[in-house]
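Report on the structure
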Amino acid sequence: MKDLVNSSKLIALVLRHRPDKIGLSLDQNGWASTDELLHKLNEHGHRFDLDLLKSVVENNDKKRFIFSKDLTKIRANQGHSVDVDLGLAPKDPPTILYHGTAEKFINSIQKSGLVKGSRQHVHLSADLDTARKVGSRHGTPVVLTVHSGEMRMDGHSFFQSENGVWLTESVPVQYLGFPDDSVKR
Ligand code: HQG
């Protein structure tokens, strides 16, 4: 299992952030050729075959990756920092979404709202539990409420990735709800 997690982290790195690390190129929609990916991984000392790659895709807890129907291409469903167009159609979000972050970012978020940083979008979750997990990756988690319905009415666009993550360009501070105690912490 540990091997599978490490393999998954490597695939996330090359398909989202650093394809150049193994000399791979992604097309404008973020797809890599499956054969080329396997070839380049092995060329760079990572022992990978199609079965292992399939296992990474199928067993991934968050469905981070997807194959094309004929398995000739693979891409990450979201989370890119490289400039790709996932071709997602805008979609009306639920009234409320959540964003999990860490205490240490709260002051800055209260000033500038949610910004996408190095990624292509701000990532939002439909449920509290997921948001809390996302936040805890960065420190003591704080879950913010996002008034996504209101944002949509005001003209902001939302997208939903293949694996269910809600994406938007930024969240201005007036659409954010902070838990009472996160202000003084
Ligand atoms: C914070 C994982 C200061 C933001 C997850 C977050 C997600 C600010 C951090 C996906 C800020 C960026 C993305 C501001 C936002 N000032 N900090 N104005 N605005 N931030 O990792 O959302 O497991 O780039 O709150 O499940 O944590 O990789 O984004 O804490 O879906 O598939 O800046 O990554 O998916 O951190 O996570 P990240 P994220 P995977």
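Residues numbered from 1 in each chain as written. Predicted model: local features only at pLDDT ≥ 70, side-chain atom pairs only at ≥ 80, totals over all residues. Heavy atoms only, no water.

1. Description of the nonpolar core
Within the largest apolar cluster, 24 residues are counted, with the highest numbers of intra-cluster contacts made by Ile-11, Leu-15, Leu-37, Phe-48, Leu-53, Phe-65 and Ile-74. Elements supplying a minimum of two residues to this core: helix H1 (2-17), helix H2 (34-43), helix H3 (50-59), strand E2 (65-67) and strand E3 (73-76). Contacts of Ile-11, omitting those with residues within four sequence positions, involve Leu-37, Leu-41, Phe-48, Leu-53, Val-56 and Phe-65. Ranked by size, the runner-up nonpolar core spans 16 residues in total, among them Leu-97, Leu-114, Met-151 and Phe-158. (Core = buried A, V, L, I, M, F, W, Y, C linked by side-chain atoms within 4.5 Å. Buried < 20%, exposed > 50% of the residue type's maximum accessible area, 1.4 Å probe, protein only. Helix = DSSP H or I, 4+ residues; strand = E, 2+ residues; numbered from the N terminus. Contact = heavy atoms within 4.5 Å.)

2. Comments concerning the sheet that holds strand E1 (residues 32-33)
In spatial order, the strands read E1-E3-E2; together these 3 strands make up an open sheet with antiparallel pairing. The open sheet has two free edges, formed respectively by E1 and E2, since each of these has just one partner strand. Sheet topology places E1 next to E3; 2 bridges connect them, and they run antiparallel. Within E3, the residue paired with Ser-33 across the bridge is Lys-73. (Pairing = 2+ DSSP bridges.)

3. Quick word on the domain arrangement of the protein
Segmentation of the protein into domains returns domain 1 (2-76) and domain 2 (97-177). Placing a centre on the C-alpha atoms of domain 1 and another on those of domain 2 gives a separation of 27 Å. (Domains from an automatic or database assignment.)

4. Observations regarding the site of the ligand
Arg-16, Lys-62, His-99, Thr-101 and Ser-108 are the nearest of the 18 residues found near the ligand. Within the side chain of Arg-16, a nitrogen or oxygen atom sits 2.7 Å from an oxygen atom of the ligand. At 2.7 Å, a side-chain N or O of Arg-119 approaches an oxygen atom of the ligand. A molecule is said to occupy a pocket when more than half its atoms come within 2 Å of that pocket's grid points, and by this definition the ligand occupies the largest pocket. Only strand E4 (97-102) and helix H4 (106-112) provide two or more residues apiece to the shell around the ligand. Per-element tally for the shell around the ligand: the top contributor is H4, with 3 residues. (Near = heavy atom within 4 Å. Polar contact = N/O pair within 3.5 Å; in protein donor to acceptor, adjacent residues only side chain to side chain. 1 Å grid on protein atoms, 1.4 Å probe; cavity = no way out; pocket = protein on both sides within 12 Å on 5 of 7 lines; lining within 4 Å. Sits in = over half its atoms within 2 Å of the grid points.)

5. A closer look at the sheet that holds strand E6 (residues 141-146)
With antiparallel pairing, the 3 strands of this open sheet are ordered in space as E4-E6-E9. In the strand order of this sheet, the two ends are held by E4 and strand E9 (176-177), each with one partner. Bridge count between E6 and E9: 2 bridges; the pairing is antiparallel. Counterpart to Thr-145 in the pairing with E9 is Gly-177. Contacts from helix H5 (residues 128-136) reach E4 and E6 within the one sheet, and its direction differs from that of E4 by about 25 degrees. (Axes fitted to C-alpha atoms, helices over the stretch in contact; angles between N-to-C directions.)

6. What to know about the layout of surface pockets
Taken as a whole, the largest pocket holds about 1,200 Å³ of empty space. For the largest pocket, the lining is made up of 46 residues, of which Arg-119, His-123, Val-134, Arg-137 and His-138 are closest to its centre. Broken down by secondary-structure element, the contributors of at least two residues to the lining of the largest pocket are H1, H3, E4, H4, strand E5 (122-124) and H5. Taken together, the residues of the lining of the largest pocket break down into 16 nonpolar, 20 polar and 10 charged. (Points joined across faces, edges and corners; volume = space filled by probe spheres on them. Nonpolar A, V, L, I, M, F, W, Y, C, P; charged D, E, K, R; others polar.)

7. Things to note about H2
Among the residues making up H2, those that are buried are Thr-34, Leu-37, Leu-38, Lys-40 and Leu-41. A positive backbone phi angle near 85 degrees is found at Gly-45, which sits one or two residues after H2.

8. As for H3
Two residues of an α-helix separated by three or four positions point the same way, owing to the 3.6 residues in each turn. Looking only at H3, the buried set comprises Leu-53, Val-56 and Val-57. Down the axis of H3, the buried set is contained in an arc of 95 degrees. They therefore lie on one face. When the buried face of H3 is taken as reference, the exposed residues oriented beyond 90 degrees from it are Asp-51 and Glu-58. (Arc of directions from axis to C-beta.)

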